[in-house]
Amino acid sequence: MSSLTATEPRADATTAAKTIQPAWVRVLHWVNAFAMVLMIMSGWQIYNASPLFDFRFSSSITLGGWLAGALLWHFAAMWILMVNGLIYLALGFATGRFRKKLLPITPEGVIADTRAALTGKLSHEDLTKYNYVQKLLYAGVIVVGVLIVLSGLSIWKPVQLQWLTALFGGYDAARYVHFICMALIVAFIAVHVALALLVPKSLRAMIIGR
Ligand code: HEM
């Protein structure tokens, strides 16, 4: 009995040391992934009703069936995304996670790690530490996430939030900002998913934490 209690704290410490992604990060990450997919697919259907560019998205990858249906999906998923995102930002700042995991980001570090990645020399041994390319991409996608929500709000309520719409340069410009942010997020997701599949233990860490 006494030996059990004596080893317990050490076992706890080992488990804590092995934890790569805390539970709150994992839960918020997957809720965000779910909401993002709904936002992207319904957004593409909304876009199809009045395209900004010379193409439309195939109906096989859109959500909502038609403009009004897509807007309903977009505004429903919007609440999940915004509440989840606000909790993530609050906990990211309050726990010091953003500072610890994402900072500092130095140009030298980014260049060195990009070189290492391109020559297959980037280490994936210690998953508790992000490399500089990861830091830059994760910090960047958080900023883009904030921008897409703000531009979305400005095209949703351009009268009530006209100061916000004006900050984006008007309604039409805000629509382009919203669309470009979507394209950046889709590009991020493509790289992110490909790398998670290439480094399976990082995916495992995001599912079970270790
Ligand atoms: C949570 C905050 C968001 C709000 C309030 C919002 C709101 C809106 C609104 C009102 C429209 C219709 C624009 C129009 O009528 O022309 C729209 C379009 C669109 N949204 Fe969002 N959105 C949000 C987040 C997102 C996210 C996270 C994505 C994808 C990652 C996204 C992707 C799109 C796309 C692709 C369109 C079509 C672009 C266009 O043709 O104007 N939105 N959004």
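Use the structure listed above.
Residues numbered from 1 in each chain as written. Predicted model: local features only at pLDDT ≥ 70, side-chain atom pairs only at ≥ 80, totals over all residues. Heavy atoms only, no water.

### So, the overall build of the protein
In step 1: The helix and strand inventory of the protein stands at nine helices and zero strands.
In step 2: Taken from N to C terminus, the helices and strands of the protein fall in the order α-α-α-α-α-α-α-α-α.
In step 3: In terms of overall dimensions, the protein has C-alpha extents of about 70 × 45 × 35 Å along its principal axes.
In step 4: Taking all 210 residues of the protein together, 32% fall into the buried category.
In step 5: For the protein, the proportion of contacts with a sequence separation of at least 24, taken over those separated by at least 6, is 67%.
In step 6: Working note: accessible area of the protein is about 13,000 Å², and carbon and sulfur atoms make up 72% of it. (Helix = DSSP H or I, 4+ residues; strand = E, 2+ residues; numbered from the N terminus. Buried < 20%, exposed > 50% of the residue type's maximum accessible area, 1.4 Å probe, protein only. Contact = heavy atoms within 4.5 Å. Areas by Shrake-Rupley, 256 points an atom, 1.4 Å probe, with all protein chains shown as cover.)

### Regarding the site of the ligand
In step 1: By nearness alone, 21 residues border the ligand, and Met-39, Gly-43, His-74, Arg-175 and His-178 come closest of all.
In step 2: In the environment of the ligand, an oxygen atom lies 2.5 Å from a nitrogen or oxygen atom belonging to the side chain of Arg-175.
In step 3: His-178 places a polar side-chain atom, nitrogen or oxygen, 2.8 Å from a nitrogen atom of the ligand.
In step 4: Breaking the shell around the ligand down by element, the ones donating at least two residues are helix 2 (23-49), helix 3 (67-94), helix 6 (132-156) and helix 8 (171-198).
In step 5: Looking at the shell around the ligand residue by residue, the class counts come to 16 nonpolar, four polar and one charged. (Near = heavy atom within 4 Å. Polar contact = N/O pair within 3.5 Å; in protein donor to acceptor, adjacent residues only side chain to side chain. Nonpolar A, V, L, I, M, F, W, Y, C, P; charged D, E, K, R; others polar.)

### Let's talk about the coordination of the iron atom of the ligand
Reference geometry at the metal: tetrahedral coordination by four donors gives ideal angles of 109.5 degrees; octahedral coordination by six donors gives 90 or 180 degrees.
In step 1: Coordination of the iron atom of the ligand by the protein comes from His-74 (NE2) and His-178 (NE2), over a distance range of 2.0 to 2.1 Å.
In step 2: The coordination sphere of the iron atom of the ligand comprises six donor atoms, whose angles at the metal cover 86 to 180°; the geometry is octahedral. Here His-74 is found in helix 3, whereas its partner His-178 is found in helix 8, with 104 residues between them in sequence.
In step 3: On the accessibility criterion, His-178 (18% relative accessible area) is buried. (Donors = N, O, S within 2.8 Å, 3.2 Å for Na, K, Ca; no water. Tetrahedral: all angles 85-135°; square planar, octahedral: opposite > 155°, others 65-115°.)

### A word on the packing of helix 2 against helix 8
In step 1: Across the interface, helix 2 lies against helix 8 with an axial gap of 11 Å and an inter-helix angle of 130°. Classified by the interaxial angle, the pair formed by helix 2 and helix 8 is oblique. Crossing handedness for the pair helix 2 and helix 8: left-handed. Between helix 2, through His-29, Met-36, Ile-40, Trp-44 and Tyr-47, and helix 8, the contact on the second element is made entirely by Phe-179, Met-182, Ile-185, Val-186, Ile-189 and His-192. (Axes fitted to C-alpha atoms, helices over the stretch in contact; angles between N-to-C directions. Parallel < 35°, antiparallel > 145°, perpendicular 65-115°, else oblique. Left-handed = near helix turned anticlockwise from the far one by under 90°.)

### With respect to the side chain of Gln-21
In step 1: Relative to the helices and strands, Gln-21 is located in the loop between helix 1 (2-18) and helix 2.
In step 2: What makes Gln-21 buried here is its relative accessible area of 7%.
In step 3: A polar contact is formed between the side chain of Gln-21 and the side chain of Arg-97, at a distance of 2.9 Å.
In step 4: Among the polar contacts made by the side chain of Gln-21, one reaches the side chain of Tyr-130 at a distance of 3.4 Å.

### Let's talk about the environment of Ile-105
In step 1: Along the chain, the position of Ile-105 falls in the loop between helix 4 (97-102) and helix 5 (107-118).
In step 2: Its relative accessible area of 29% is what places Ile-105 among the partly exposed residues.
In step 3: C-alpha of Ile-105 to C-alpha of Lys-135: the two residues are 30 residues apart in sequence and 6.7 Å apart in space.
In step 4: Sequence-distant contacts of Ile-105, that is, excluding residues within four places in its chain, are made with Val-110, Tyr-132, Lys-135, Leu-136 and Ala-139.

### Thoughts on the environment of Pro-200
In step 1: Inspection of the secondary structure assignment puts Pro-200 in helix 9 (residues 200-208).
In step 2: Pro-200 sits 135 residues away from Gly-65 along the chain, and the two C-alpha atoms are 35 Å apart.

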